[in-house]
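Below are the chains, spelled out letter by letter.
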Amino acid sequence: MNQLVRRVGDASARRPRFTIAIWGLLTAVVLALAGTLGGPFVDDLVAPGSQSEKAMELLEERFPDASRGSAMAVFAVPTGQRLEHHRPAVDEAVARIADRAHVIAVANPFTTGTVSPDGRIGYAVITFDMSAAEVDPQTLAAIVDAMGPARDAGVVAELGGDAAFINAETQTSGAELAGLLAALVVLVVAFGTVVAALVPVLLAVVAVATGMGAIVLLTDVMDVSTAAPTIAAMIGLGVGIDYALFIVARYRENRAAGQENRLALSDAMGSSGTAVLIAGGTVIVAMAALTLTGVGFLASIGLGTSLVVLFAVATALTLLPALLSLLGERIDAGRLGRRRRPTRPVQDTVWWRFAHRVSRRPWPCLGVAATVLLVLAAPALQMQTGFPDAGDDSTGTTHRRAYDLLAEGFGPGVNAPLLLVADLRAPGVDLETIPELSRRIAADPGIATVGEPQISPTADTAVLPVLPTTAPSDAATADTLARVRDLVPGNVAVSGLTAVTDDLTRQLADTLPIFVTVILAASFLLLMVVFRSVAVPLKAVMVNLLSIGGAYGVVVAVFQWGWFSDLFRLDGTYLIVSPMPTIFFAVLFGLSIDYEVFLLSRIREEYDSTGDNTRSVARGMAGTGRVITSAALIMTVVFLSFVASPSPLTKMMGLGLAAAIVLDATIVRLVLVPATMALLGHANWWLPRWLDRRLPHVGADRVDLAPPPEPSSPDSPAAAGSLHVPG
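The following paragraphs examine the structure supplied in this document. Everything numeric here is computed off the predicted structure, so don't read it as measured data.

Before going further, it helps to examine the nonpolar core. Counting residues in hydrophobic clusters, the biggest one holds 155 residues, and the most contacted among them are Tyr-243, Phe-559, Phe-639, Met-653 and Leu-657. Counting residues in hydrophobic clusters, the runner-up holds 29 residues, among them Ala-73, Val-103, Val-135 and Ala-163.

Put into structure tokens, the structure is as follows:
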């Protein structure tokens, strides 16, 4: 494999301008096509085979009028006033809403009686000519604008309901740019030159831009979640910078060792480039494995992120060598300061000394590190998952303010409507017994109201609207839903957004163990093939579980328990979003393999040369420690930049990924890996001969990031080419 990667890099370096032109053309074409062919992002919140899916399919087939999307125009006046005193303004707003595109009906609150008992708050149900998931943000913005007469009259006017919540435009904070700038600072410090630092950032931007265009094009062939671009950009920026960092670092070290530019670049591609291909391929496979859950929006997140990572790998293996070939000696332009510290011998580095300290006392180090990770992971045992509702969003959004007003005026259950869909062609409830079913449902203590049944024109389908007494994400609502499903006969299915998300939560909880098992098995097999060992992949699987568990625990403590909520600007506590554990595991598995490949490749190379287990671990850590630390720091600041987002969902994702990277690059790589390898000794590299003969030979040949020999003078080419990371 290393020869293949080397040849690809050599071909790109021989014709650099042609390679750069191809990438420029590809990016331009993808972005242009995305602007013309791409469709809207849609959250396909469906649990395949669930009762809620069957109910929605029945409505779409027989009673499409009842399956149309809806929203709520909410109007409110201050305490002590009555909304009816502002009726002319509200009536005008309702009339203007009715004239907006895709609106087929608006129920005036004064004629339908949807005014709160104290007369302060009312809502108008808006019915669209499409499903809730298909309503675009432009339509919603037009409706918000149509409520202007009410606002001009001093009435609070907000837009809520399912369609408004599902299709709200994603808020951004601009902090993603700050993350890029912070990553650039880390790179400048790491390389000591501005040009060398700019190259990885440039490649990451190209990869993410092209990948975003590809994700938009993906919407033309499948439903793509609104969360897909955010998650893909988050991962793409991190891995895009890191992959280029590893190759540029190796290239400059080769030059520092005295190799001429062409050979230095070729060797860097054959070694670090191969590791990038293996690491990136692992992330792609892990993210694509989200399709195994059978959940549409998760599959789109996995495929979208895989596309961005694919472009990150492709740019690192083709565009990067072309740029380095053109830059030549100018890669060291923009040096910070006139002189640099001479590179210390490997034995004098902090990584060498730390590895030997851990190797001398492996049991205490292993015990302390494992205890820390287990303590951090402990909150994960209390994890409560669920889907966010409008009440979990930022108070700066209109659908969140509408949610709060509705709950204040009509009780929290008004935001969690259920639909009981009866197939009147099947045995069970019929037209005559629907009233009796309504009475049984209304008698449940968790039910607030049961509305009048709606009968399809062909009288073969009935819909019974039901409002629970509790909020959508309240655990009591899930209990009420379960009781209602037990009460209804076999020809009745319960749907509505609350039921759909409850079904999704249950399905994800059921499929997570299977998904984790598949990912762990895949990681074990991959590492066994690459490193020709049984113990190394087994150890990697176990320590990865510890680090991921620690990240889960941090997220639970902050978001579910509310620790440091002020620091992260959270409005309250939140359930852990149901897809998060699955997405986290896929992402963190792939990213942890990145560092595993780079570190263990160096250790294995040293072991093959010396046969000394302790020395090979120390030299491996000394050779890769600074680069891996820089890479982890870059990925951490990129992920933390997303914590500044107004969206709690994005905050949760950014903090969880950042915490996992920190744990993986510190406790796992600095303590657990050397401690376990010291305890296992030569058994680290044991592989039965019969298995060795049957496994394919695929490896990251010579991933060598060791510091170069000390240069003869500070101004020599060797000094110019070395990687410098303080400490």
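Below, the discussion takes up the packing of aromatic side chains. Evaluation of the coordinates by the stated rule reveals 6 aromatic pairs. Ring centres of Trp-23 and Phe-311 lie 6.3 Å apart, and the angle between their planes is 70 degrees; on these two criteria the pair is classed as edge-to-face. Of this pair, Trp-23 sits in helix α2 (residues 16-37) while Phe-311 sits in helix α13 (residues 296-327), and the two are 288 residues apart along the sequence. Accessibility assignment for this pair places Trp-23 and Phe-311 in one class, buried. Between Tyr-607 and Trp-685, the aromatic rings sit 5.8 Å apart at their centres with planes inclined by 35 degrees, giving tilted as the arrangement. Here Trp-685 lies in the loop between α23 (648-680) and α24 (689-694) and Tyr-607 lies in helix α21 (residues 580-610), a separation of 78 residues in the sequence.

Where helix α6 (residues 137-146) is concerned, the buried positions are Thr-139, Leu-140, Ile-143 and Ala-146. Looking straight down α6, one finds its buried side chains confined to an arc of 115 degrees; they lie on one side. At its buried positions, α6 is contacted by α4 (87-98), β2 (103-106), β3 (121-128), α7 (148-152), β4 (156-160) and α8 (162-166). Where α6 begins, the side chain of Asp-136 points an oxygen toward the backbone nitrogen of Gln-138, at a separation of 3.1 Å.

The strand order across the open sheet built from 4 strands is β2-β3-β1-β4, with neighbouring strands paired in antiparallel fashion. Of all the strands in the sheet, just β2 and β4 have a single pairing partner and so form its edges. Strand-to-strand twist of the sheet, defined as the mean angle between neighbouring strand axes without regard to direction, takes the value 25 degrees. Where strand β1 (residues 70-76) lies against β3, 7 bridges are found, and the strand directions are antiparallel. From the neighbouring strand, Val-74 faces β3, where its bridge partner is Tyr-123. Here α4 sits on the sheet in contact with β1, β2 and β3, set at roughly 155 degrees to β2. Packing of α6 onto the sheet brings it into contact with β2, β3 and β4, and relative to β3 it is tilted by some 145 degrees.

This brings us to a nonpolar patch on the surface. A cluster of nonpolar residues, Leu-25, Val-29, Leu-33 and Leu-37, forms a patch on the protein surface that exposes about 330 Å² of accessible area. Secondary-structure assignment places Leu-37 in helix α2. By relative accessible area, which is 45% here, Leu-37 ends up partly exposed.

The rules behind these values
Counting of residues starts from 1 at the beginning of each chain's written sequence and follows it residue by residue. Per-residue local features of the predicted model are confined to residues with pLDDT of at least 70, and side-chain atom pairs are confined, for both listing and counting, to 80 or more; whole-chain, interface and lining totals are unaffected and use all residues. Only hydrogens and water are set aside when side-chain values are computed; all heavy atoms of the structure are taken into account. Nonpolar cores are built from buried Ala, Val, Leu, Ile, Met, Phe, Trp, Tyr and Cys residues. Side-chain atoms within 4.5 Å join them into one set. Exposure categories follow from relative accessible area, calculated using a 1.4 Å probe and restricted to protein chains: below 20% of the type maximum is buried, above 50% is exposed, and the middle band is partly exposed. Pairing of aromatic rings covers Phe, Tyr and Trp, the last counted by its six-membered ring, and requires centre-to-centre distances within 6.5 Å; plane angles under 30 degrees mean stacked, over 60 mean edge-to-face, and any other angle means tilted. Segments assigned H or I by DSSP are reported as helices when at least four residues long, segments assigned E as strands when at least two residues long, and all are numbered from the N terminus. This arc corresponds to the set of directions leading from the helix axis out to the C-beta atoms. Working rule for contacts: check all heavy atoms of both residues, and any pair within 4.5 Å makes them a contact. In the analysis that follows, any N or O atom pair within 3.5 Å is treated as a polar contact, provided that within protein one partner can donate a hydrogen and the other can accept it, and provided that, for residues neighboring in sequence, both atoms belong to side chains. Here a strand pair is declared whenever DSSP counts at least two bridges between the two strands. Each axis is a line fitted through C-alpha atoms, taken for helices only over the stretch in contact, and angles between the N-to-C directions span 0 to 180 degrees. Every patch collects residues that have over 30% relative accessible area and no salt bridge, joining them within 9 Å if they carry like charges and within 5 Å if they are nonpolar side chains (Val, Leu, Ile, Met, Phe, Trp, Tyr). Every accessible area reported is derived by Shrake-Rupley at a probe size of 1.4 Å, with residue values counting cover from the shown protein chains alone. Take a side-chain nitrogen of Lys or Arg and a carboxyl oxygen of Asp or Glu: if they are within 4 Å of each other, that pair is a salt bridge.

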